[in-house]
Amino acid sequence: MSGKVKDLLQMDLYGLLGIENTATTKEIKKAYRQKALTCHPDKNPDNPKAVELFHQLSQALEVLTDAAARAAYDKVCAAKKQAEERNRKLDDKRKKIKLDLEARERLAEAQSQEEVQITRTLEEEIARLREEGSRQLEEEQRLIREQIQRESEAQQQQIGDHNQRSCSRSNVTPKLKMKWKCKKDDEMNGGYSQDILLRLLQKYGDVLNVIVSSKKRGSAVVEFATVRAAELAVKNESGLSGNPLKISWLEGQPDIPAPASQPGQFMSSQGSLTNERDYESVVMMRMRQAAERQRLIEQMQREDEEEAAGS
């Protein structure tokens, strides 16, 4: 068995794409495009993990959009599940019975041979896909590259309007207040920490600061680099399934709604910086943001002390 096939058997291809094992080819392609866009090498040139994930997604697309390869993969998964179920049902009493053990060993050997045959079939199907050049994968990747190019052009066109709107607004950076359920003696703080909040929120855009209250359980303040990123977090983020977040505006809420989101509109702070017209104004803005963050931290500390004194 080749190393590539072993690696495939260790992965949950359906889970990787976020689909059910009953998904149609159309649904598989749609899920692939959505996942691959976020980790495409052109978007993540310095992130080896993103490149590896993109490669795994490509493998999943190859296998699951080919009927024969998918059938072979499903059989391997089913055989593995059956073997796991059998192992769970074995108990200490049955293991002590020699005849029963020998019978199970013979059965396991026969089933192992069947699994080897199924795996060999999967390996042959994958080899066939390699020989045919996987034209379908190449086409999907071409469509993704074109979409990335369109997004880049759209971003360039919107940067001028974005900078103009930013200059007309207040220099206050957008901040959101996060609340969740948490008991006073809960050392895990309801399942939320600075790192967890950062991971949940940075998919909407650059997060400048996350301040988790050390005295008031179940609360935090998050500062975003852009109003658009904060708006997306307010509209879409629900937090952990067992303990959802309540998100509200603290500062910087826009007076008018921002334009509709386009795919790939989450721009990095470095990309925004390279398009600023006036470098000096950017430096001054960063200095004001730093002072504002310090003021916010001191304000939260005072509020925590007042609440502690009141309680």
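Thresholds applied
- Residues numbered from 1 in each chain as written.
- Predicted model: local features only at pLDDT ≥ 70, side-chain atom pairs only at ≥ 80, totals over all residues.
- Heavy atoms only, no water.
- Helix = DSSP H or I, 4+ residues; strand = E, 2+ residues; numbered from the N terminus.
- Buried < 20%, exposed > 50% of the residue type's maximum accessible area, 1.4 Å probe, protein only.
- Contact = heavy atoms within 4.5 Å.
- Areas by Shrake-Rupley, 256 points an atom, 1.4 Å probe, with all protein chains shown as cover.
- Pairing = 2+ DSSP bridges.
- Axes fitted to C-alpha atoms, helices over the stretch in contact; angles between N-to-C directions.
- Salt bridge = Lys/Arg side-chain N within 4 Å of Asp/Glu carboxyl O.
- Parallel < 35°, antiparallel > 145°, perpendicular 65-115°, else oblique.
- Nonpolar A, V, L, I, M, F, W, Y, C, P; charged D, E, K, R; others polar.
- Core = buried A, V, L, I, M, F, W, Y, C linked by side-chain atoms within 4.5 Å.
- Polar contact = N/O pair within 3.5 Å; in protein donor to acceptor, adjacent residues only side chain to side chain.
- pLDDT = per-residue confidence, 0-100.

Where an unreviewed UniProt entry is consulted, the protein chain appears under the name DnaJ homolog subfamily C member 17, with the organism given as Mastacembelus armatus.

1. Describing the overall build of the protein chain
Along the protein chain, the regular secondary structure elements total 12 helices and six strands. Split into buried and exposed, the 311 residues of the protein chain put 32% on the buried side. Of all intrachain contacts in the protein chain linking residues separated by at least 6 positions in sequence, the fraction that spans at least 24 positions is 72%. For the protein chain, the accessible surface area stands at approximately 19,800 Å², while carbon and sulfur atoms represent 50% of it.

2. Let's talk about the environment of V51
With respect to the helices and strands, V51 occurs in helix α4 (residues 48-64). A C-alpha to C-alpha distance of 6.6 Å links V51 and C39, two positions 12 residues apart in sequence. Residues within four places of V51 in sequence aside, it is in contact with C39, P41 and N44.

3. Focus: the sheet that holds strand β6 (residues 246-251)
Strands sit in the order β2-β3-β1-β6 across an open sheet of four strands; the sheet is antiparallel. Pairing within the sheet leaves two strands with one partner each, and these edge strands are β2 (207-212) and β6. Across the sheet, the mean angle separating the axes of adjacent strands is 25° when strand polarity is ignored. Running over the sheet, helix α9 (residues 194-201) touches β1 (175-179), β2 and β3 (219-224) and is turned about 145° from β2. Contacts from helix α10 (residues 227-236) reach β1, β3 and β6 within the one sheet, and its direction differs from that of β6 by about 155°.

4. So, the pattern of salt bridges
Pairing between side chains becomes possible if they bear opposite charge and their charged atoms approach one another. Counted according to the given criterion, the structure contains 13 salt bridges. Notably, a salt bridge pairs E140 with R33, separated by 2.7 Å at the nearest N-O pair. Of the two residues, E140 is situated in helix α8 (residues 135-168) and R33 in helix α3 (residues 25-39); the sequence distance between them amounts to 107 residues. Of the charged contacts in the structure, one is a salt bridge between E85 and R88, with a shortest N-O distance of 2.2 Å. Note that E85 and R88 are positioned in helix α5 (residues 67-89) at a spacing of three residues, about one turn of the helix. Residue classification places E85 among the partly exposed positions, given a relative accessible area of 32%. With relative accessibility at 57%, the residue R88 sits in the exposed group. Ionic contacts of the salt-bridge type, sharing partners, join the residues D66, E125 and R128 into one network.

5. A word on unusual backbone geometry
Positive phi, close to 55°, is recorded for N189, a residue that is not glycine. Positionally, N189 belongs in the loop between β1 and α9. Overall, the relative accessible area of 7% leaves N189 in the buried class.

6. Examining the packing of α3 against α4
The N-to-C vectors of α3 and α4 enclose an angle of 170°; their axes lie 9 Å apart at closest approach. Taken together, the axes of α3 and α4 are roughly antiparallel relative to one another. In this structure, α3 uses I28, K29, Y32, K35, A36 and C39 to contact α4, whose residues at the interface are A50, V51, L53, F54, L57, S58, L61 and L64. Considered class by class, the residues forming the contact of α3 with α4 number 11 nonpolar, one polar and two charged.

7. Things to note about the nonpolar core
With 33 residues, the main nonpolar core has L13, L17, Y32, V63 and L64 as its most contacted residues. Elements with a contribution of two residues or more to this core: α1 (3-10), α2 (13-17), α3, α4, α5, α7 (98-131) and α8. The greatest single-element share of this core, amounting to seven residues, is contributed by α4. For L64, the contacting residues outside a window of four places in its chain are L13, Y14, L17, I28, R70 and Y73. Ranked by size, the runner-up nonpolar core spans 21 residues in total, among them V207, V222, F224 and A233.

8. Overview of the side chain of E223
Note on placement: E223 falls in strand β3. At 2.4 Å, the side chain of E223 and the side chain of T173 are in polar contact.

9. Some remarks on the confidence of the model for the protein chain
Regions with low pLDDT carry predicted coordinates that are not meant to be interpreted in detail. Per-residue confidence for the protein chain averages 82 on the pLDDT scale, and 81% of its residues sit at or above 70. In the model, residues 260-274 has pLDDT below 50 throughout and makes 20 contacts with residues more than four positions away in sequence or in other chains.

10. Observations regarding the pairing of β1
Pairing analysis gives five bridges linking β1 to β3, with the strands arranged antiparallel. Residue pairing in the sheet places K175 in a bridge with E223 of β3. Relative to β6, β1 runs antiparallel, the two being bridged by five bridges. Considered in β6, the bridge of K175 is made with E251.

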